[in-house]
Structures are given as C-alpha cells and as structure tokens.
Amino acid sequence: MKKILLICISGILLSACSKSSLDTPEESVTPPKKDTVYVNLPKDSCNNYFYSVNTCPGETCSSEMNISWGVKLNTEYCIVYLMDETGKTIRQTKLPASKAEKCTVYDGIYSKKANGDNFYEDAKFLKYRYTLSPLSSNTKYSYRITSHWTDSKGRKVSATSDTYSLKTAGADSWTACIISDFHSYPPLPGRLSSAMKMVETVNSYAKGKNGKGFDWVLHLGDVCAWGGSWSFWNIMYREKPFKNWMWAGLNGNHDNMTRQSAYSNKFFKYATANPLNGYDGEEGVCYSFTYGNTLFVMLNNEDMATSAGLQKAQAWVRQTLSRSSAKFKVVCEHYQWFYGGSGSTSQYSRWKDLFDECGVDLALGANNHIYIRSHKLNNTVYIQTPSSDNERGEDLIGELQYNQDLIAYRWNEGPKTIGALLMEVNQNQITVTLLDRNGQALDNVTISK
Ligand SMILES: [Fe+2]
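Within any chain, residue numbers begin from 1 and follow the written order of that chain's sequence. Totals for whole chains, interfaces and linings use every residue, but because this is a predicted model, local features are given only for residues with pLDDT of at least 70 and side-chain atom pairs only at 80 or more, for both listing and counting.

**Some words on the overall build of the protein chain**
Secondary structure elements follow DSSP: runs of H or I no shorter than four residues count as helices, runs of E no shorter than two count as strands, and numbering proceeds from the N terminus. Within the protein chain, the regular secondary structure consists of seven helices and 25 strands. C-alpha atoms of the protein chain, sized along the principal axes, occupy 75 × 45 × 45 Å. Between the buried cut of 20 or more and the exposed cut of 12 or fewer other C-beta atoms within 10 Å of a residue's own C-beta lies the partly exposed class, and all C-beta atoms are placed from the backbone. When burial is assessed residue by residue, the protein chain has 47% of its 449 residues classed as buried. Contacts in the protein chain between residues at least 24 apart in sequence constitute 68% of all its contacts with a sequence separation of at least 6. Throughout, a residue-residue contact means that the two C-beta atoms, derived from backbone geometry, are no farther apart than 7 Å.

**Examining the sheet that holds strand β2 (residues 51-57)**
Pairing between strands requires that DSSP locate at least two bridges from one strand to the other. Here four strands make up an open sheet; going across it, the order is β2-β3-β9-β6 and the pairing antiparallel. A single partner strand is all that each edge strand has here, and the edge strands are β2 and β6 (101-103). Averaged over all pairs of adjacent strands, the angle between strand axes in this sheet comes to 25°, irrespective of strand direction. Across three bridges, the pairing between β6 and strand β9 (residues 125-132) is antiparallel. Residue pairing across strands places Glu101 opposite Lys127, the latter belonging to β9. Lines are fitted to the C-alpha atoms to define the axes, a helix being fitted only along its stretch in contact, and any angle between axes, read from their N-to-C directions, falls within 0 to 180 degrees.

**With respect to the domain arrangement of the protein chain**
Domain extents, as shown, originate in an automatic or database domain assignment. Structurally, the protein chain comprises domain 1 (36-166) and domain 2 (168-448). On a C-alpha basis, the centres of domain 1 and domain 2 stand 26 Å from each other. With 40 residues of domain 1 in contact, the opposing surface of domain 2 contributes 37 residues. For the side of domain 1 that touches domain 2, the secondary-structure elements that each account for two or more residues are β2, β3 (65-71), β7 (110-112), β9 and β12 (164-167). Of all the elements, β2 adds the most residues to the side of domain 1 that touches domain 2, at seven residues. Three categories are distinguished: nonpolar for Ala, Val, Leu, Ile, Met, Phe, Trp, Tyr, Cys and Pro, charged for Asp, Glu, Lys and Arg, and polar for the others, with Gly belonging to the last. Residues of the side of domain 1 that touches domain 2, tallied by class, amount to 17 nonpolar, 16 polar and seven charged.

Rendered as structure tokens:
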C-alpha cells in the first residue's frame, strides 16, 4: 500500500515539474530537442542528490573561496550559480563530470545510522571542488549548485542545492567563531545540535558588539565521531551554520578514523575543499590561507606523531610563515598545548621554539576538551578550545600542578561542556573571548602588534 502511494506521489511530482520545466532551462548550452522532457526535482528532494556541500577558505580569502560537494555518479554536469548580496545571479559556471573525481574512500566502511542500526556506508560519488574566483573583497556572496543527469526514460533531470553564503576578507576589522570537538554522531543528535546552537550564541554575542555577527567559522577538529562515516559528514553539513558561513577546519583524530579504528587523512580531505598548498601527502589537509591581515597555518597532528613526521611539518610551517607578509600569524593544530587537568606540557614543548623563532602571535589547539589560555610566552599566546557537544567533556579540573607560570586560565564544565570562542581582529590587535553556552564572556585576551 505504502509503495503504491509513493509511486503516485512521485508521479504527481514529476508531472508537476515536467509541466513547468518544458521550457529551456537557463543553464542549457546546446538548444534542446523539441521533444526533450526536463524534470526539475522539487527542492525538498535535493538533499538526496547533493552530499556535504560546504564552503572552505581559498588561499587568499579576499578574492577567492573554495566550495566542496558530492553528487551521484550518473551526474553529467553541475552548474554553480554565484549570487550577489541581493540574490541576483552574477556568474554561472558549468562544470562537466570530467572536472570531478570519483570518490570511494568512504565506501563500505562499517558505520551506524541515526536509528542505531549498524550498516556499511554506500558512498561512491563524484566529488567536486571548485574555486569561486575572482571575488571582490569585503563582500557578501551566496551560491547554489544544480546537478544534471539523464534518467532511464531519457528525461533530462536536474536538482538544485540549498543556498550557501560567504563573506570575503578585506574589511579593516573582522571576526570569526572558533569551535571544536563536537564529535557529531547521528544516534546522539544532541552533540551536533549543542554545537550548532553554540555557534549561534557566539554570533549573537558578536552581533551585540558589532551589529552584524561574525564573518566565518574556524573549527579545530573532531567535528565527526568517525570521519570515515560519510553519512556523518553529510548529515552535519545540512545544518544551517554550514550554509551561512565559510568554515575553515582541522583534521582531528576522530575525523581521521573509522568505527573500526582504521585511519586516513582522506576522510577529511574529501569532505572539504581546502587550499592544496600543504606539504607532500597533506595537500588539502594541511594548508595555509590568509583572511585579511592574518595568516592561518593549519596542521594535521595525525601525521606528526613521529619525529620524522614532526620535522616534515615543521619545515613546511617554517617556510610558510617566512614567506608570508601577513601582520598576524596564527598556527592551528588539533592536539592540546597543555593537559588541562594538571597543566602538564603536551604539544607546547614540540612547537615553542619554532613559534618563538618565527614570531607566531597565536597558537590554537583543541582535543583536551578543557579550555586553556596561556600568558604571552615570548611572542605567542597559546589557547585551546573547550568541547562543545554537552557530552564528551573531561571531568572537572583540579588544582593546577604544572606550568603555573605559563597558564593564565582554565575552564570546562565537566563532561557536559559547551563553549566556543570569538576572535576579533583589527589592524592593531587580536582579541579572543571565551563564551559559555549562555553567551557569557568568561575569559579574554588581547594580542597587540
Ligand atoms: Fe575531541
């Protein structure tokens, strides 16, 4: 009975769509044959045809941004429509399937559905990455994507994505939300919703200060419980904050793993479209970009465990920092600088000499689920984010046993921690503020040049 009803509904939808879509679609390049039937799928169905659409930084965010998405294997081409702030289309670009890459890195990986059922990911798709360029600086844009294919009846079918927004760099002052460690896991949707709510809380706080909210989001890793689960990325990217802002991110240890503890930086790479300026084997995973006057160097801890791996990363960081003329230099990695419970040293000891040598202003980490902010140590302030999922936080912190002279502030709320940061940058200084779930500012540091 259900099946019959479904067939009837899809019949109604298809005929309704065919009626309005017999006209030549604006994106059609070759004049269509008269008897060609066009089917524009209803908007609500389009989540089934677009996977993990998200906006990532371009290498220079004042003039370019990257976008990432997946579509079904039978897609013949996609069209990216770029719109100005009023929603008017100002550019459209047709991208044949030959511009995409067939992605199978998540296919067959043991995973879990939102209802708790175990399953193997069915994830063979075409992965597109595309650079929106040139863009004007200090400007808001939006875009949507259509995908096009021919169905078994010879009809030309198209689906349209949601609309995604971004803001280019170029303003004298700008702001970003910094968040991490929400371990999105569909059977426990509260993790993702807690983090998304926290992003909105940071935006409201920013709006209270500057009247417009923040400009983009920086995540410091562990956004997925298992990055090998393609469905986890796909579900996460449907959340509104991924449609409203560009997200620059790091590969966390969770993003790098499967349910069965296999590891690959490809899970993060194929779920994003970061600049491909990282070192050998880390292209699109480690990367650098400038947003306004600030250089961000993004690292992948998972390939820095050995001293050879660390040396390789440090050579690239040194070179990237020395080539940049950006006023402020920020280095980001997923692992913590200090262990929050006792204050003992973690990644700090591996990086401090290089940061001192290269004049890094701000070092951002995460992973420990306990917020720490250091004093200014030589030139650098070290900060690590708290968790934000209301579930996987650390126990409440005890007395500081180590590095009392280095650590200025620690914070968490025990296992049920939700927090994030607001970063405000102008021509003279960076200010970072820790906010709790209620939008209360708990800690604040200003780094002046
Ligand atoms: Fe984490």
